[in-house]
Amino acid sequence: MKKTDLKKILLKKTLLNPSLIKKTAAVCFTLLFVFVLAGCGGDTSGGKDGQDTSGSAGTRDQADGQEDSGGKDTQTDGSSTKTDEEPLVVAMELAYPPFETRDDAGDPAGVSVDLMNAFAEYAGKNIRIENTAWDGLIPSLRTGAADIVISSMTITEERKEQIDFSDPYANALLAILAGADSGISSIEDLGREGKTVAVKSGSTGHMYAQKNLTGAKLLILPDESACVTEVAQGRADGFIYDQLTIYRNWQNNPDTTSAVFIPFQDPEKWGIAVQKGNTQLLEQLNAFLAEFKEQGGYEDLTRKHLSEEKKAFDELGFQWFFDMEE
């Protein structure tokens, strides 16, 4: 038999042998699997251009502002800026009519709301108002949750350590809402031992009482309405707050309260607050306030929201809110 014929026979027997077919298939499959793995594992460092893409996009802290390989910068040191499309978040406590309140539809309304809408138009920005509890206003700036706070907030040295204020846009004086049967006719009466003074937590009335009414017991409450209720129902002798609030609540409760005004005070100055170090936004606010005053904006706000109060203040000889002359 020729050698060529022998090779053909051997090849034919091999191809028709089931056992050999299985073994051959297994070997081929194994080699194919190895080649696939080798092709996929060339660069084990991660994704495109060698960047690390293992796992998800990183920790939540990275996604929320810490530096990563492509995350958005959300610094909270006052240096970050927003695009024109992003609204400025304005925080205020909607519990102080007519400055910060709601209309009949439940939407934010009042002096501060109108002032911020005018600023938005001036700056070519959109704004979003966030109703924020008083104790959360300064933290909202410090954490970057809000860009601006306007909530009839007095400029104080303690607050200036944490946030920056605009030029003053209004001023206010303190007064007392006294119980009708409390015997309170002066600030000295309210400070006597045995008297109970209602104060709103964190307000300048609270600070004033802590410093000057050391003989009295302080009843610290979360909001203005609770303080008024305590006085009207005889559980507190007086509530110390700004003149406008005291005047309005006296008018609303003439049978159970009286108004006592505190002489020889330096007016409190209200300012618009921003995150400490945000000089760009602060300068824009100051330029707006100067133009707003020059164009008679405060007179428009008074006519719309405070006409009755303005008349009463003039009759009583009180300095008006928007009269910033020394």
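Please refer to the structure placed before this passage.
About the cut-offs
Residues numbered from 1 in each chain as written. Predicted model: local features only at pLDDT ≥ 70, side-chain atom pairs only at ≥ 80, totals over all residues. Heavy atoms only, no water. Core = buried A, V, L, I, M, F, W, Y, C linked by side-chain atoms within 4.5 Å. Buried < 20%, exposed > 50% of the residue type's maximum accessible area, 1.4 Å probe, protein only. Contact = heavy atoms within 4.5 Å. Pairing = 2+ DSSP bridges. Helix = DSSP H or I, 4+ residues; strand = E, 2+ residues; numbered from the N terminus. Axes fitted to C-alpha atoms, helices over the stretch in contact; angles between N-to-C directions. Phe/Tyr/Trp six-rings, centres within 6.5 Å; stacked < 30°, edge-to-face > 60°. 1 Å grid on protein atoms, 1.4 Å probe; cavity = no way out; pocket = protein on both sides within 12 Å on 5 of 7 lines; lining within 4 Å. Points joined across faces, edges and corners; volume = space filled by probe spheres on them. Nonpolar A, V, L, I, M, F, W, Y, C, P; charged D, E, K, R; others polar. Polar contact = N/O pair within 3.5 Å; in protein donor to acceptor, adjacent residues only side chain to side chain.

Asker: Report on the nonpolar core, specifying residues and quantitative values.
Answerer: In terms of nonpolar packing, the biggest core is built from 48 residues, with Ile148 and Phe322 touching the most fellow members. Every residue in contact with Ile148, bar those within four places of it in the chain, is listed here: Leu88, Val89, Val90, Ala91, Met116, Phe119, Leu141, Ile272, Ala273, Val274, Leu281 and Leu285.

Asker: Run through the sheet that holds strand β12 (residues 257–261), naming residues and quoting values.
Answerer: Across the sheet, five strands lie side by side as β10-β9-β11-β8-β12; this open sheet has mixed pairing. Because the sheet does not close on itself, it has two edges, and the strands there are β10 (217–221) and β12. Sheet twist, expressed as the average angle between the axes of neighbouring strands with direction ignored, equals 30 degrees. Summarising the sheet, strand β9 (residues 196–200) and β10 pair through five bridges and their orientation is parallel. When the sheet's bridge partners are listed, Ala198 is paired in β10 with Leu219. Contacts between helix α9 (residues 224–232) and the sheet are confined to β8 (174–179), β9, β10, β11 (238–242) and β12, with β11 contributing the most and set at about 145 degrees to the helix.

Asker: Tell me about the packing of aromatic side chains, and name the residues and values.
Answerer: One pass over the full model with this rule turns up 17 aromatic pairs. Here Phe119 and Phe288 contribute two aromatic rings whose centre-to-centre distance is 5.5 Å and whose plane-to-plane angle is 65 degrees, an arrangement assigned as edge-to-face. In this pair, Phe119 is assigned in helix α4 (residues 111–123) and Phe288 in helix α11 (residues 279–294), connecting sequence segments 169 residues apart. Taken together through their ring pairs, the aromatic side chains of Tyr96, Phe99, Tyr169, Phe239, Tyr241, Trp270, Phe313, Trp320 and Phe321 make up a single cluster.

Asker: Please provide a residue-by-residue account of empty space enclosed by the protein, values included.
Answerer: Going through the model one piece at a time under the given rule, you end up with one cavity of 30 Å³ or more. Considered as a void within the structure, the largest cavity measures approximately 180 Å³ in volume. Lining the largest cavity are 18 residues, and of these Trp134, Ser152, Ser203, Tyr241 and Asp242 lie nearest its centre. Broken down by secondary-structure element, the contributors of at least two residues to the lining of the largest cavity are α8 (204–212), β11 and β13 (268–270). Of the residues in the lining of the largest cavity, the class split is six nonpolar, six polar and six charged.

Asker: Can you lay out unusual backbone geometry for me, pointing to particular residues and giving the numbers?
Answerer: Each neighbour pair has its own omega, and for Pro97 with Pro98 the value is 0 degrees, a cis peptide bond. The topology assignment puts Pro98 in the loop between β1 (88–92) and β2 (101–102). Phi is positive for Ser152, close to 50 degrees, though the residue is something other than glycine. The class for Ser152 is buried, based on a relative accessible area of 9%.

Asker: Residue-level account of the side chain of Ser203, with values.
Answerer: Checked against the element boundaries, Ser203 lands in the loop between β9 and α8. In this structure the side chain of Ser203 is engaged in a polar contact, spanning 2.8 Å, whose partner is the backbone oxygen of Lys200. Those residues in contact with Ser203, other than ones at most four positions away along the chain, are Trp134, Arg159 and Tyr241.

Asker: So what's going on with the sheet that holds β1? Residues and values would help.
Answerer: Sheet strands line up and pair through hydrogen bonds in the backbone, either parallel or antiparallel. Across the sheet, which stays open at both edges, the five strands sit in the order β4-β1-β5-β14-β6 with mixed pairing between neighbours. Two strands in the sheet have a free side with no partner beyond their single neighbour: β4 (127–131) and β6 (163–165). Examined bridge by bridge, strand β5 (residues 148–149) and strand β14 (residues 273–275) share two bridges and lie antiparallel to one another. Pairing of Ile148 across the sheet is with Val274, part of β14. Those strands touched by α11 are β1, β5, β6 and β14, and its axis lies near 160 degrees from that of β14.

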